[in-house]
Amino acid sequence: MSIRTSLFALLLLPSACMGVPSPLTPGFEGTVGVPQFGVQTQAIQLPVAAEGFVRFRVLGHHYWGLPRLVKAIGDAAAHVASEAPGGAPLVVGDLSARNGGKIPGHNSHRTGRDVDLLLFVTTPAGVPVESPGFVPIDADGLGFVQETGEFVRLDVERQWELIKYLVRSREIGVQFLFFSQKLEALVIDYALAKGEPLEIVHRAQTVLMQPTDSTPHDDHMHMRIACAPSEGVSGCSGGGPYWEWLPEPTPPIELDDTDLAAIASDDPLVPEAVANSETGAAGGV
Ligand SMILES: [Zn+2]
C-alpha cells in the first residue's frame, strides 16, 4: 500500500458514513464498520461440528465470521474439551451472514466479530448434558427447560474454563463477553475460590458485561472480538473500549518532510501510464 493510499484510508476512518466497501473505499475489506452497522468480506463458515463444539442450527445461514473468530471458537472449544474431559460440546449460535449486514434477531452480528455461545450445562445432579437451547439460568445456577419440564444447571467449571481461555489470549482479543450479572457472579466466585490468577479474573470481570440495550444474556454468552491492530486501515471500527492487555492498535503513520514533499509533487491528475512513459523517455530506457 503506498503512503498516499494509507493516508487516504486513515483519513476515512473517522467518518461514520464509511461503513461499507465501495469504489470510494477500495481498501476496505475483512471486517468493515462497527458491529451494529457494517459488513464483512472474505468470511469463512464455522463447520457444523468439530472437536468440542456443535452448531445450534445445523442448516443455519449465519455461521460466517472473520477467519480468526472461527478459529478462536474451534480452539476454545477444543481447549475446554481437553482441560475438562467428559463434558458436552459447546453449542454455538449465530455468527454473521456471509457478507455481513443485518440478520434477524440481532442488532449487531454484522461484521463477523460476534458470536452467541450457548451455556455449558449439567443435570441438577451434575452430569454434563448438551445445552438444550436458550434456557435462562437464574442466580441459583438452575434453568427450567420448558420442552422437557426438567431443570439444567450451569456447568460453572467448563463455563469458566471457556472464559479463561478466551480472555487469556491476546490474539483472540476479546472486547466483550455479554453475560448476565447473576451468571458472572457465579463464574467469578468459582474462579476466585479455585485460586485462579487475579490478572485473568480481572480481565474476565472487565469484559463480562450485562448489556443495557438488549436481553440480560442469562441464556447464552455473546462474544465480540476487538479489531486487530492491522484491521483499522481496512475499515474495522472499534465501537467500544480497547483493553490495555490487547495488542496496541496501529498508530497513525508518521510522515516526515520528505514524505510530504513526495505527496505534494505527485500530481494525481497525471495518469500513471503517461507518468511512466515520461520517466522512461527521460531515462532513455
Ligand atoms: Zn449475540
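The rules behind each value
Residues numbered from 1 in each chain as written. Predicted model: local features only at pLDDT ≥ 70, side-chain atom pairs only at ≥ 80, totals over all residues. Helix = DSSP H or I, 4+ residues; strand = E, 2+ residues; numbered from the N terminus. Buried ≥ 20, exposed ≤ 12 C-beta atoms within 10 Å, placed from the backbone. Contact = placed C-beta atoms within 7 Å. Pairing = 2+ DSSP bridges. Axes fitted to C-alpha atoms, helices over the stretch in contact; angles between N-to-C directions. Parallel < 35°, antiparallel > 145°, perpendicular 65-115°, else oblique. Left-handed = near helix turned anticlockwise from the far one by under 90°. Core = buried A, V, L, I, M, F, W, Y, C linked by C-beta atoms within 7 Å. Nonpolar A, V, L, I, M, F, W, Y, C, P; charged D, E, K, R; others polar.

Some thoughts on the overall build of the protein
Then comes step 1: A tally of helices and strands in the protein yields seven helices and 15 strands.
Then comes step 2: For the protein, the residues scored as buried account for 37% of the 285 residues in total.
Then comes step 3: For the protein, the share of sequence-separated contacts (at least 6 apart) that also reach a separation of at least 24 residues comes to 67%.

A few points about unusual backbone geometry
Across the chain, the bulk of peptide bonds are trans and the bulk of non-glycine residues have phi less than zero.
Then comes step 1: Positive phi outside glycine occurs at Q42, with the angle close to 60°.
Then comes step 2: Tracing the backbone through its elements, the reader meets Q42 in the loop between β2 (37-40) and β3 (44-45).
Then comes step 3: When the 12 C-beta atoms within 10 Å are taken as the criterion, Q42 is described as exposed.
Then comes step 4: You will see that H217, though not glycine, has its phi angle at about 60°, which is positive.
Then comes step 5: Locating H217 in the fold gives a position in the loop between β14 (208-209) and β15 (220-225).

With respect to the pairing of β2
Then comes step 1: Pairing of strand β1 (residues 31-34) with β2 involves four bridges; the strand directions are antiparallel. Following the sheet pairing, T31 is matched in β2 by Q40.
Then comes step 2: Taking the residues between adjacent antiparallel strands as the criterion, β1 and β2 are bridged by two residues.

Some points on the packing of helix α2 (residues 67-83) against helix α3 (residues 156-168)
Then comes step 1: As a packed pair, α2 and α3 sit with axes 9 Å apart at the nearest point and diverge in direction by 130°. The angle between α2 and α3 falls in the class oblique. The handedness of the crossing between α2 and α3 is right-handed. Of the residues in α3, those touching α2 at A76, H79, V80 and E83 are R158, E161, L162, Y165 and L166.

Focus on the sheet that holds strand β12 (residues 150-154)
Then comes step 1: Pairing is antiparallel across the open sheet formed by four strands, whose spatial order is β10-β9-β12-β11. Because the sheet does not close on itself, it has two edges, and the strands there are β10 (128-129) and β11 (142-145).

Points about the nonpolar core
Within soluble globular proteins, side chains that are nonpolar generally end up buried alongside one another.
Then comes step 1: With 58 residues, the main nonpolar core has I73, L90 and L177 as its most contacted residues.
Then comes step 2: The element that contributes the greatest number of residues to this core is α2, accounting for seven residues.
Then comes step 3: In contact with L177, not counting residues within four places along its chain, are I163, V207, L208, M221 and M223.

Observations regarding the packing of helix α4 (residues 181-194) against helix α5 (residues 198-207)
Then comes step 1: Put simply, α4 and α5 touch, their axes get as near as 10 Å, and they point 175° apart. In terms of their interaxial angle, α4 and α5 are classed as roughly antiparallel. Side by side, α4 and α5 meet where I188, A191 and L192 of the first sit next to V201, A204 and Q205 of the second.
Then comes step 2: Broken down by class, the residue content of the contact of α4 with α5 amounts to five nonpolar, one polar and no charged.

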